[in-house]
Amino acid sequence: EGVQPQEYTIIKMEVVPPFPAKMGVLEGKKVFLAAATLRPETMYGQTNCWVLPDGKYGAFEINDTEVFILTERAALNLAYQKLSRVPEKPTCLVELTGNDLIGLPVRSPLSFNEIIYALPMLTILTDKGTGIVTSVPSDAPDDYMALHDLKAKPAFRAKFGVKDEWVLPFEIVPIIDIPEFGDRAAEKVCLDLKIKSQNEKDKLAEAKKLVYLRGFTEGIMTVGEYAGRKVQEAKPLIRTKLIEAGQAIIYSE
Ligand code: A2H
């Protein structure tokens, strides 16, 4: 972790009931996969969300009615940011692994896809954010390659019990236009750099540098309430709206 605190937006992705047997104790509660993002203005373009198959997660009480699924580490940080039912103490209702979460249907704020699914990503770090990541393959090379791996490799889907219908119907949703990069910037840069899979860390780091800098400084929103505005201008406005609507919260670590 860096010296500077990082401020994320946690996106509340509501798990659609009925819950699987292992999550039965959560019946009747509002349960969210809690994803940490630095780019809340990209939420229009979600096609799925990501979990680490071997990652350890828990369902933690945020207040009397709401439960967040995230890492214990994130739950502890939240508890010290006044986001736990018992002050400064996370209470876990059930321990879960990423494998338990794969295939969960969620409704995520702003997403044009009404229902999206939790899918495996192998490069998620458990010491950053919440361990749950939103997937925006139009603008994030990591997301584009991880979705590409699942779409292109039936054996990879089979290994993690991923059903075709959680993956194959979901196409890139263009949301931001970047001069010279177009409105599927992550795909373009991954193709230009001939990246073959989510495991090509060095090439992906290069792709990310290119896309993120240009996207944030020169990108124009093509969808949503702030279509036509610069990404830089839209970001804080969209973030504030999500927070005021109760669909997102601020999280620092
Ligand atoms: B961002 P930083 Cl469209 N492991 O959200 C791996 N990656 C993680 C993570 C974890 N535990 N927690 C969050 N992230 C991702 C959207 C997005 C993001 C777009 C473009 C850029 C971008 C959709 N995915 O990140 O290391 C999340 O992906 C730019 C870096 O703290 C989160 O924001 O700087 C970002 O990495 C946080 O990365």
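Look above for the structure.
Just so you know, these numbers come straight off a predicted model, no measurement behind them.

(A) The site of the ligand, seen in detail. Around the ligand, 17 residues are found, and the nearest of them are Tyr8, Thr37, Leu125, Lys128 and Asp143. A distance of 3.0 Å separates an oxygen atom of the ligand from a polar atom in the backbone of Leu38. One of the backbone nitrogen or oxygen atoms of Leu125 is found 2.6 Å away from a nitrogen atom of the ligand. Here the ligand has 690 Å² of accessible area as a free molecule, and 85% of this is covered by the chains. Of all elements in the fold, only β2 (30-37) and β9 (133-135) reach the threshold of two or more residues within the shell around the ligand.

(B) Spatial organisation of the side chain of Arg157. Tracing the chain through its elements places Arg157 in helix α4 (residues 154-159). Judged by its relative accessible area of 7%, Arg157 is buried. Residues within four places of Arg157 in sequence aside, it is in contact with Leu150, Lys151, Val162, Asp164, Val167 and Leu168.

(C) Inspection of the packing of aromatic side chains at higher detail. Within the structure shown, the criterion is met by six aromatic pairs. Aromatic pair Tyr117 and Phe170: ring centres 6.2 Å apart, planes at 75 degrees, arrangement edge-to-face. Here Tyr117 is found in strand β8 (residues 116-120), whereas its partner Phe170 is found in the loop between α4 and β10 (176-177), with 53 residues between them in sequence. Judged by relative accessible area, Phe170 falls into the buried class, the value being 8%. Here a set of aromatic residues connected by ring pairs shows up, and it is made of Tyr117, Trp166 and Phe170.

(D) Spotlight on the pairing of β8. β8 sits mainly inside the fold: five of its five residues count as buried. Looking at chain direction, strand β3 (residues 48-51) and β8 are connected through three bridges and run parallel. Its bridge partner being in β8, Val51 is matched across the sheet by Pro120. Two elements, strand β7 (residues 105-107) and β8, share two bridges in a ladder whose sense is antiparallel. In the strand pairing of β8, Pro105 is matched with Tyr117.

(E) Expanded view of the pairing of strand β5 (residues 66-70). Judged by how many residues are buried, β5 sits mostly within the fold: five of five residues are covered. Bridge count for β2 against β5 is four bridges, and the pairing is parallel. From the neighbouring strand, Lys30 faces β5, where its bridge partner is Glu66. Bridge analysis of strand β4 (residues 56-61) against β5 gives four bridges, and the strand direction is antiparallel. When the bridges of β5 are listed, Glu61 appears paired with Val67. Taking the residues that link successive antiparallel strands as the turn, the β4-β5 hairpin has four residues.

(F) Local environment of the nonpolar core. Counting 66 residues, the largest nonpolar core has Met23, Leu33, Ile69, Leu101 and Leu119 as the members making the most contacts within it. A total of five residues in this core trace back to one element, the largest contributor, which is helix α3 (residues 141-152). Apart from residues lying up to four places away in sequence, Leu33 is in contact with Ile11, Lys12, Met13, Val15, Cys49, Ile69, Leu101, Leu104, Val106, Ala118 and Ile132. Counting residues in each nonpolar core, the second largest holds 14 residues, with Ile10, Ala34, Ala36 and Phe60 among its members.

(G) Examining the state of the cysteines more closely. In total, this model carries zero disulfides according to the counting rule given. Distance from the sulfur of Cys49, which forms no disulfide, to the nearest cysteine sulfur (Cys92) is 18 Å. Residue classification places Cys92 among the partly exposed positions, given a relative accessible area of 35%.

What counts, and at which threshold
Residues numbered from 1 in each chain as written. Predicted model: local features only at pLDDT ≥ 70, side-chain atom pairs only at ≥ 80, totals over all residues. Heavy atoms only, no water. Near = heavy atom within 4 Å. Polar contact = N/O pair within 3.5 Å; in protein donor to acceptor, adjacent residues only side chain to side chain. Areas by Shrake-Rupley, 256 points an atom, 1.4 Å probe, with all protein chains shown as cover. Helix = DSSP H or I, 4+ residues; strand = E, 2+ residues; numbered from the N terminus. Buried < 20%, exposed > 50% of the residue type's maximum accessible area, 1.4 Å probe, protein only. Contact = heavy atoms within 4.5 Å. Phe/Tyr/Trp six-rings, centres within 6.5 Å; stacked < 30°, edge-to-face > 60°. Pairing = 2+ DSSP bridges. Core = buried A, V, L, I, M, F, W, Y, C linked by side-chain atoms within 4.5 Å. Disulfide = S-S within 2.5 Å.

Nothing here speaks to function; it is geometry throughout.
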